[in-house]
Amino acid sequence: MSDYDVLIVGAGFAGVHQLLNLRKLGLTAKILEAGSALGGTWAWNHYPGARVDSDLPIYQFSDPELWSDWNFTEKFPGWKEIQAYFEYVDKKLNLTRDVLFNSRVVSALWDDTSDKWAVTTEARRVFRGKFLVLCTGIGSKYHIPKFKGLETFKGEVHHTSRWPAECDLAGKRVGVIGTGATGVQVIQEIAPIVDHLTVFQRTPNLAIPMRQQQVSVQEQDKLKKDLYAVLFNRRNQTFSGFTYDLDPKRTFDATPEERMLFYEDKWEKGGFPFWLGNYGDYLSNQQANDEVYAFWRKKVLERISDPVLQEKLAPSKPPHPFGVKRPSLEQNYFEVYSRPNVKLVDVSEYAIQEITPQGLKTNDGTEHPLDVLVLATGFDMVTGGITSIDIRGQDGISIKEKWTDGIQSYLGLASATYPNMFWIYGPQSPSSFSNGPSTVELTSEWIIDCIKYMKEHNISTIVPTKDAQHAYSEHVDQLASTGLWFKAKSWYTGSNIEGKKQQMLQFPGGVPMYNRMCVDAAAKGYQGFDLKPLHV
Ligand code: NA7
């Protein structure tokens, strides 16, 4: 069969959540997945040190059927364990019978006469669906900057998201370009293994301690009994979909002593509380932000003895406000640079000139000899997974073309002229300002309810109005303009990709506000959408 009620693109958290809940509605659904395993980003990202920055228990499905007999071993699970979790979910619910692997979707065309999508894979297989749900995630299109001479390099080159199954770095001279979330994880993991590591840093990562912990089955059993349900519920009430929240108190309403104790407490907790559980005003007030940066810097400087390294890794002048570019969670990251086999090269001072057959040359004329070059250079984040598919709706114009001058969406889940098409955890949703599964489940449930409503009310198509879309997108931009986001160059605002329109790519008003808007629209009969009745 190639005709379905719903076609889903991508088999990560979002795609799996859709599939399971569509089955409960008795609808036919198929996941088309480019990769060969479930897990989305976790099926692709298995570079050394890859692990999630969300802490237990909320980085998993909230359905008790899927946590009552599953246990992780670490507070911040690694990629292998998350892959095993998806295998467990598959075994329990037999997902893969409804998944077509190794099937990259290349186009999706709306047909106004049948009110259906025709979706084509790279292998030219065509599937038809009444609904199209894009679960392509925020980091599925990897990005390699145009480095002159890259093709001439005689050693191995690996983008982190395409890490080979076998890759022995022992005894090798390895170079890593990039110190984002991925770069930090790779660097701290491979430094003790490789013969020599050269890190090419353009912007220091204002990383905070992860404070990883082993978690026993007994501890999890106790939490399951007493707290899991409460914690999963709590996710929907906090700005970032974590179990802790930004503090309503403003930075300078606290005395300096109170502030110090407050920062210290968040810092010692480990994980994101120092970022997403801090005083609520510091992401919009520069003076408040300076206080956070000063605290962060003091803590980091204590861990580096060399004054030159201190200035490179934790500069006296902040490279950007703290927290408006994603800080990584680190494990011994700053200590790595004091190892005799590790060298930090500041490419903001001397940029990368070219890759040579033997290594990498910076524009001070130095050639850094390398056997392996690791590209931790990130992704065409948030939009790339969607715009790399040729999606054409009612007016025949591709979404890529429509978004050249900026994203336009309604509620961060649908776009005008693309009927019966939704996305989960993508542009203008809280996406990466939140714990992934939190936003995924909220949006996914909203879509399921919408499809159910349409069925019950004999509605054939749903599509946002241009007015509602315009108003929503303006609202996102307006919320973003009250923060310090544009003081950093980062993928949050699209500025990591040359030529990409710079705008806030996510909903910056927090999960509760976002959820309220979605729920309100639904309660008002899907306000802001055009609904077309089914022909009888
Ligand atoms: P990021 O966070 O976009 O990091 C990419 C890194 O690559 C970053 O340090 C960039 O420096 C660096 N980069 C990119 N292009 C260049 C060039 N031309 N020269 C030197 N350095 C360069 O991607 P990640 O994969 O680490 O993380 C993406 C998200 O995935 C992460 O936030 C999680 O949510 C999961 P820059 O900082 O721009 O100066």
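Since we're looking at a predicted model, the values are computed, not measured.

A few words on the overall build of the protein. Within the protein, the secondary structure is distributed over 17 helices and 20 strands. Overall, the protein is about 75 × 60 × 50 Å in size when its C-alpha atoms are taken along their principal axes. Taking the contacts inside the protein whose residues are at least 6 apart along the sequence as the reference set, 72% of them involve residues at least 24 apart.

Let us now look at the nonpolar core. Within the largest apolar cluster, 137 residues are counted, with the highest numbers of intra-cluster contacts made by Val-133 and Val-176. Other than its neighbours up to four places away in sequence, Val-176 contacts Gly-183, Val-186, Ile-187, Leu-197, Val-199, Phe-200, Val-374 and Ala-376.

Next up on the list: the site of the ligand. Taken together, 23 residues lie near the ligand, and Gly-178, Gly-180, Thr-182, Arg-202 and Gly-378 sit nearest. Looking at the shell around the ligand, the element that brings in the most residues is helix 5 (residues 181–190), giving three residues.

This brings us to the packing of helix 1 (residues 13–24) against helix 15 (residues 436–456). Running from N to C, helix 1 and helix 15 point in directions that differ by 35°, and their axes come no closer than 9 Å. Every pair of crossing elements has a handedness; the one defined by helix 1 and helix 15 is right-handed. Here Phe-13, Ala-14, His-17, Gln-18, Asn-21 and Leu-22 of helix 1 come into contact with helix 15, specifically with Gly-436, Pro-437, Val-440, Glu-441, Ser-444 and Ile-448. Counted by class, the contact of helix 1 with helix 15 contains six nonpolar, five polar and one charged residues.

Right, let's get into the environment of Tyr-514. Along the chain, Tyr-514 falls in helix 17 (residues 511–523). We classify Tyr-514 as buried; it has 28 C-beta atoms within 10 Å. Sequence separation between Tyr-514 and Thr-443 is 71 residues; the distance between their C-alpha atoms is 9.8 Å. For Tyr-514, the contacting residues outside a window of four places in its chain are Ser-429, Pro-430, Phe-507 and Gly-509.

Let us look at the pairing of strand 2 (residues 29–32). On strand 2, burial covers both faces: Ala-29 and Ile-31 on one face and Lys-30 and Leu-32 on the other are all buried. Sheet analysis places strand 1 (residues 3–9) next to strand 2, joined by four bridges and oriented parallel. Residue pairing across strands places Val-9 opposite Leu-32, the latter belonging to strand 2. Where strand 2 lies against strand 3 (residues 99–100), two bridges are found, and the strand directions are parallel. The residue of strand 3 that forms the bridge with Ile-31 is Val-99.

In this section: the environment of Pro-419. Examined against the element boundaries, Pro-419 turns out to sit in the loop between helix 14 (399–402) and strand 18 (421–423). Classification of Pro-419 as buried rests on a count of 25 C-beta atoms within 10 Å. In the structure, Pro-419 is positioned 303 residues away from Lys-116 in sequence and 8.9 Å away in space, judged by C-alpha atoms. In this structure, Pro-419 is in contact with Trp-110, Gly-393, Gln-394, Thr-461, Ile-462 and Val-463, ignoring residues within four places of it in sequence.

The subject of this paragraph is the sheet that holds strand 8 (residues 173–177). Taken in spatial order, the five strands make up an open sheet running 7-16-8-9-12, and their pairing is parallel. Since the sheet does not close on itself, it has two edges, and those belong to strand 7 (156–159) and strand 12 (342–346), each with one partner. Taking the axes of each pair of neighbouring strands and ignoring which way they run, one obtains an average angle of 15° across the sheet. By the bridge criterion, four bridges tie strand 8 to strand 16 (residues 372–375) in an arrangement that is parallel. Paired with Val-174 across the two strands is Val-372, which belongs to strand 16. Along the sheet face, helix 5 touches strand 8, strand 9 (196–201) and strand 16 and points at about 160° away from the line of strand 8.

Moving on: the sheet that holds strand 15 (residues 367–369). Pairing within the open sheet is antiparallel, and its three strands lie in the order 13-14-15. Of all the strands in the sheet, just strand 13 (352–355) and strand 15 have a single pairing partner and so form its edges. For this sheet, the mean angle separating the axes of adjacent strands, direction not counted, is 25°. As paired elements, strand 13 and strand 14 (residues 359–362) share three bridges and run antiparallel to each other. Note on strand 14: the bridge partner recorded for Ile-352 is Thr-362.

Closest axis-to-axis distance for the helix 15/helix 17 pair is 11 Å, and the angle between their directions is 0°. The angle between helix 15 and helix 17 places the two elements in the roughly parallel class. Of helix 17, the residues touching helix 15 (which contributes Ser-438, Thr-439, Leu-442, Trp-446, Asp-449 and Cys-450) are Val-511, Asn-515, Cys-518 and Ala-522. Taken together, the residues of the contact of helix 15 with helix 17 sort by class into six nonpolar, three polar and one charged.

Across residues other than glycine, the phi torsion is negative in most instances, and most of the peptide bonds are trans. Note that the residue after Leu-56, namely Pro-57, is joined by a cis bond; omega there is 5°. Although it is not a glycine, Tyr-425 adopts a positive phi angle of roughly 60°. Mapped onto the fold, Tyr-425 is located in the loop between strand 18 and helix 15. Phi is positive for Tyr-526, which is not a glycine, with a value near 65°. Among the structural elements, Tyr-526 can be located in the loop between helix 17 and strand 20 (529–533).

Attention now goes to the environment of Trp-44. Counting through the fold element by element, Trp-44 comes out in helix 2 (residues 41–44). Residue Trp-44 is classed as buried on the basis of its C-beta count, with 22 C-beta atoms lying within 10 Å. The spatial distance from the C-alpha of Trp-44 to the C-alpha of Lys-455 is 36 Å, given a sequence separation of 411 residues. Beyond its immediate chain neighbours, meaning those up to four positions away, Trp-44 contacts Gly-35 and Ser-161.

Let us look at helix 15. With 21 residues, helix 15 extends 30 Å between its outermost C-alpha atoms, agreeing within 8% with the 30 Å of an ideal straight helix rising 1.5 Å per residue. Just past helix 15, the residue Asn-458 takes up positive phi, approximately 50°.

The rules we used
- Throughout, residues of each chain are indexed from 1 in the direction in which the sequence is written.
- Reporting in this predicted model follows two pLDDT cut-offs: at least 70 for local features of residues, and 80 or more for side-chain atom pairs to be given and counted; totals over whole chains, interfaces and linings ignore these cut-offs and use all residues.
- Helix and strand assignments follow DSSP, with helices taken as H or I runs no shorter than four residues and strands as E runs no shorter than two, numbered in order from the N terminus.
- Contacts are defined on C-beta atoms placed from the backbone: any two residues whose C-beta positions lie within 7 Å are in contact.
- By definition, a nonpolar core groups buried Ala, Val, Leu, Ile, Met, Phe, Trp, Tyr and Cys residues that are joined through C-beta atoms within 7 Å.
- Here a residue counts as buried when 20 or more other C-beta atoms fall within 10 Å of its C-beta, as exposed when 12 or fewer do, and as partly exposed in between; the C-beta atoms come from the backbone.
- Each residue receives a C-beta atom placed from its backbone. It is near a molecule or strand if this atom lies within 6 Å of it.
- Geometry is summarised by axes, namely lines fitted to C-alpha atoms with helices restricted to the contacting stretch, and by angles between N-to-C directions that run from 0 to 180 degrees.
- Put simply, a crossing is left-handed when the front helix is turned counterclockwise from the back one by less than a right angle, and right-handed when it is turned clockwise.
- Lys, Arg, Asp and Glu make up the charged group, whereas Ala, Val, Leu, Ile, Met, Phe, Trp, Tyr, Cys and Pro make up the nonpolar group; the residues left over, Gly among them, are polar.
- Pairing between strands requires that DSSP locate at least two bridges from one strand to the other.
- Our angle categories are set so that under 35 degrees counts as roughly parallel, over 145 as roughly antiparallel, 65 to 115 as roughly perpendicular, and the remainder as oblique.
- How far a helix is expected to stretch is found by multiplying one less than its residue total by 1.5 Å.

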